[in-house]
Amino acid sequence: MFETLQDRLGSILNGLTGRGALSEADVSAALREVRRALLEADVALEVVRSFTDAVREKAVGAEILKSIKPGQMVVKLVHDELISMLGSEGVSIDLNAAAPVVIMMVGLQGSGKTTTSGKIANRLKTRDKKKVLMASLDTRRPAAQEQLRQLGVQTGIDTLPIIQGQSPTDIAARAVQAAKLGGHDVVILDTAGRTHIDEPLMIEMAEIKRKSNPHEILLVADALTGQDAVNLARNFDDRVGITGLVLTRMDGDGRGGAALSMRAVTGKPIKLIGVGEKMGELEEFHPRRVADRILGMGDIVSLVEKAAENIDAEKAAAMAAKMAKGKFDLNDLADQLRQMQKMGGMGGIMGLMPGMAGMKDKMSAAGLDDKLFGRQIAIINSMTKAERANPDMLKHSRKKRIAAGSGTDAADINKLLKMHRQMADMMKMMGGKKGGMMKQMMGGLASKMGLGGMGGMPDLSSMDPKQLEALAKQAEAAGIKPGGLPGLGGGGGLPGLGGGRLPGLPGLPKKK
C-alpha cells in the first residue's frame, strides 16, 4: 500500500541524513519534495499543508541546524508528524458498555462492509471470547442477507434469522432484542450501502442509529478510493456521527493517501485494517508502526507478533528435540517454509525488517519471490515418506518422478536438496535451541544488540540524534552492518543461508 510513498520519502530523507550541516534552504527544499510526495500519494491537500507547516516550524529552529546529525533530526520530525497525522496511539474497538454492545457498520456499497462485519465478529469470538450476533440490514442488494448468513456458518457465529419484508429499522430493533434474549455480548449491524452518498441513505442510517443506540459506529472505506474516501468520511461523520474507521484492501497497490488523510480530516481513529480476503486477515491499526514502515524503519514489533502467532509451540519443541540429535529432514524444511508463508512470505518479512524494504524488488528480480516457497513445498509433497525422511536416497530416477509430480525439473530439486543440506548444517550448529529457524530469527533481533530480549527493542522515534548515533555504534560493534538484518549476521542474509542469497538458489545480482 505505502511502497511508492516509502520509496519517495526514503530517497528524499536519505539525501539529508548523508550530509553534515543543513541550511534553512536545504530543509525547505526537502520539505517541498515531501509535500510533492504526499500529494502524489493522494493525501488531501489540507492535510499536506498542515503536515509540512508543522514540520517546517519545528525544523527551522536553531536546535536542528546546530545538532550533531541535523539530517536525522529532520527525519525524526517527519516521523513524529506522520504519527500525529495518523493518530498517536492505536485505538481498538470499545466494548466497555452494557451487553449487548451494538456495533453499527456503515459505508458505501462495495466497500466490504459485509465481509468486514464477519471478520470483526470472528476476531471478537476468537480473541476476546465474546458471543456475537450478526444481523444484515441490507434489504436492497440481492442475497446480501444470505451472504452474511453464510459467513456466520463459515465462522460458527450466530446470525439473525431472515424475515422477508421487514424494514432495516425493524431488523435493527429485532436484532438488539434477540441479542438480549440470547445472552450475546455483541451485536453487529451490517447496514445497506449505496453507490454514492444520497439523502435517503443518510435518513435511513440516522433512523437505524435511533432505534438501536449503537455504542460504536464504524465507517468501512476502501483504501483504494483516495480522495473520495476522505469526503465520504466527512459526510458520514457530519450526518451520522462515526466513532472509528475500518480501511479495507490495505494489501492493495493503492497509494495510501486515504489512510493518511481520513484520520486527520475527521479526527476519528482508524481502528482496524483489512489486509486480505480471509476471515482472519484483519489487523489493528498502529500509527507508530505504519509511520516506521513508511520511512523504511521496518516494523519489528509486528514481525515478532506475527512470529508468535504463527510459530506452533508444539512443533517448535519437537523440532528442538530433533535438532538436539542433529536431525533435520525435508518434513522439517517444509514446516519452516510454511511458517514463512504464513508470516507473509519473504516479501512480507523483508518489508518489516529495518532497512530491508528495498531488498524486496531485488529479490523478486533474482527469482526469490514467494512463488519459490510454493514450488519447493510442491517438490517435498511429491516425495514419499521415506524420501522426505532420508533425502540421500534420491537418485536420478526418483528425481525424475518427483519433477513430473511437482511440475518442476531436476535442477529445482537439486537446488532444494542443496538448501536442505546447508540448513541441516546450520541447525546442527544451533545445537537444538528451541523454536526452529523462525524463532531463531526473531530471538536474534534484540539479543545481538544486547537489548535484553524481544521486549527490549528501543523506540527509535523517541531518541535524539546522540542516542541514535550511540545505538548505531552499538549495533556495528555487535556485527550488524547498516542495511543488514539485526541479529541475523552482518550481511543482510538469513541465518545460515549465506550472505544475501538463499543456498542453492540463484543469488542476488552483484554490483558491477
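Residues numbered from 1 in each chain as written. Predicted model: local features only at pLDDT ≥ 70, side-chain atom pairs only at ≥ 80, totals over all residues. Heavy atoms only, no water.

1. Notes on the sheet that holds strand β3 (residues 158–159)
Within a sheet, each strand pairs with its neighbour through backbone hydrogen bonds, oriented either parallel or antiparallel.
Next, step 1: Read from one edge to the other, the open sheet built from eight strands follows the order β3-β2-β4-β1-β5-β6-β7-β8, with strand pairing classed as mixed. Sheet topology places β3 and β8 (282–284) at the edges, where each strand pairs with a single neighbour.
Next, step 2: In this structure, strand β1 (residues 101–106) lies alongside strand β4 (residues 186–190), joined through five bridges in parallel fashion. By the bridge assignment for β4, Met-104 is matched with Leu-189.
Next, step 3: Packed on one face of the sheet, helix α10 (residues 227–239) meets β1, β5 (216–222) and β6 (244–248) and runs near 160° to β5.
Next, step 4: In the packing of helix α11 (residues 257–266) onto the sheet, contacts are made with β5, β6 and β7 (270–274), and the angle to β6 comes to roughly 165°. (Pairing = 2+ DSSP bridges. Helix = DSSP H or I, 4+ residues; strand = E, 2+ residues; numbered from the N terminus. Contact = heavy atoms within 4.5 Å. Axes fitted to C-alpha atoms, helices over the stretch in contact; angles between N-to-C directions.)

2. Some details on helix α15 (residues 330–342)
Next, step 1: Relative to the 18 Å expected for 13 residues at 1.5 Å per residue, α15 spans 18 Å between its end C-alpha atoms, a close match to the ideal helical length.
Next, step 2: For α15, the set of buried residues is Leu-330, Asp-332, Leu-333, Ala-334, Gln-336, Leu-337, Gln-339 and Met-340.
Next, step 3: Here α15 starts with a cap whose side-chain oxygen sits 3.0 Å from the backbone nitrogen of Asn-331, and that cap is Asp-329. (Expected span 1.5 Å × (residues − 1). Buried < 20%, exposed > 50% of the residue type's maximum accessible area, 1.4 Å probe, protein only. Polar contact = N/O pair within 3.5 Å; in protein donor to acceptor, adjacent residues only side chain to side chain.)

3. Considering the pairing of strand β2 (residues 132–136)
Next, step 1: In terms of burial, β2 is largely enclosed, as five of its five residues are buried.
Next, step 2: Side chains Val-132, Met-134 and Ser-136 of β2 all project onto a buried face; the interleaved residues Leu-133 and Ala-135 project onto the opposite face, where all are buried too.
Next, step 3: Pairing analysis gives five bridges linking β2 to β4, with the strands arranged parallel. Each residue of the ladder has a partner; that of Ala-135, found in β4, is Leu-189.

4. What about unusual backbone geometry?
Keep in mind that most residues, glycine aside, have a negative phi and that most peptide bonds are trans.
Next, step 1: Looking along the chain, the bond that leaves Ala-99 and enters Pro-100 is cis, with omega of -5°.
Next, step 2: Within the secondary structure, Pro-100 sits in the loop between α5 (70–86) and β1.
Next, step 3: Even without being a glycine, Lys-129 presents a positive backbone phi close to 55°.
Next, step 4: By secondary structure assignment, the location of Lys-129 is in the loop between α6 (113–126) and β2.
Next, step 5: Using a relative accessible area of 65% as the deciding quantity, one classes Lys-129 as exposed.
Next, step 6: The phi dihedral of Arg-249 falls on the positive side, at around 55°, and the residue is not glycine.
Next, step 7: Locating Arg-249 in the fold gives a position in the loop between β6 and α11.

5. Some points on the packing of α15 against helix α18 (residues 371–381)
Next, step 1: Following both chains from N to C, one finds α15 and α18 inclined at 150°, their axes separated by 10 Å at the closest point. By the criterion of interaxial angle, the relationship of α15 to α18 is roughly antiparallel. The crossing of α15 and α18 is left-handed. Listed contacts from α18 to Leu-330, Leu-333, Ala-334, Leu-337, Arg-338, Met-340 and Gln-341 of α15 are Phe-373, Gly-374, Gln-376, Ile-377, Ile-380 and Asn-381. (Parallel < 35°, antiparallel > 145°, perpendicular 65-115°, else oblique. Left-handed = near helix turned anticlockwise from the far one by under 90°.)

6. Quick word on the pattern of salt bridges
Next, step 1: One pass over the structure, following the stated rule, counts 18 salt bridges.
Next, step 2: In this structure, Glu-387 engages Arg-398 in a salt bridge whose closest nitrogen and oxygen atoms are separated by 2.7 Å. Of this pair, Glu-387 sits in helix α19 (residues 385–389) while Arg-398 sits in helix α20 (residues 396–406), and the two are eleven residues apart along the sequence.
Next, step 3: A single salt-bridge network, built from bridges that share partners, covers Arg-123, Arg-127 and Glu-284. (Salt bridge = Lys/Arg side-chain N within 4 Å of Asp/Glu carboxyl O.)

7. A short note on the side chain of Thr-169
Next, step 1: Counting through the fold element by element, Thr-169 comes out in helix α8 (residues 168–182).
Next, step 2: Among all residues touching Thr-169, those that are not within four sequence positions of it are Glu-207, Ile-208 and Lys-211.

8. Points about the confidence of the model for the protein
Next, step 1: With 66% of its residues at a pLDDT of 70 or more, the protein has an overall mean of 76.
Next, step 2: Across the protein, β4 holds the top mean pLDDT of 97, while helix α22 (residues 436–447) sits lowest at 46.
Next, step 3: Confidence over residues 432–439 falls short of pLDDT 50; this stretch has 26 contacts with residues more than four positions distant or in other chains.
Next, step 4: Scored below 50 in pLDDT, residues 441–463 shows 53 contacts in the model against residues more than four places distant or in partner chains. (pLDDT = per-residue confidence, 0-100.)

9. A word on the nonpolar core
Next, step 1: Of all hydrophobic cores here, the largest spans 72 residues; its most connected members are Leu-189, Leu-219, Phe-236, Leu-247, Leu-260 and Met-262.
Next, step 2: Leaving out residues up to four positions away in the same chain, Phe-236 has contacts with Val-106, Gly-107, Leu-108, Ile-197, Leu-201, Met-202, Met-205, Leu-219, Gly-241 and Ile-242. (Core = buried A, V, L, I, M, F, W, Y, C linked by side-chain atoms within 4.5 Å.)

10. Concerning the pairing of β1
Next, step 1: The buried fraction of β1 is high, at six of six residues.
Next, step 2: Two strands pair when backbone bridges link them, and β1 and β5 are joined in this way by four bridges, in the parallel orientation. Along β5, the bridge assignment pairs Met-104 with Ile-217.

11. Focus: helix α12 (residues 287–294)
Next, step 1: Burial analysis of α12 places six of its eight residues in the buried class, the great majority of the element.
Next, step 2: Listing the buried residues of α12 in full gives Pro-287, Arg-289, Val-290, Ala-291, Asp-292 and Ile-294.

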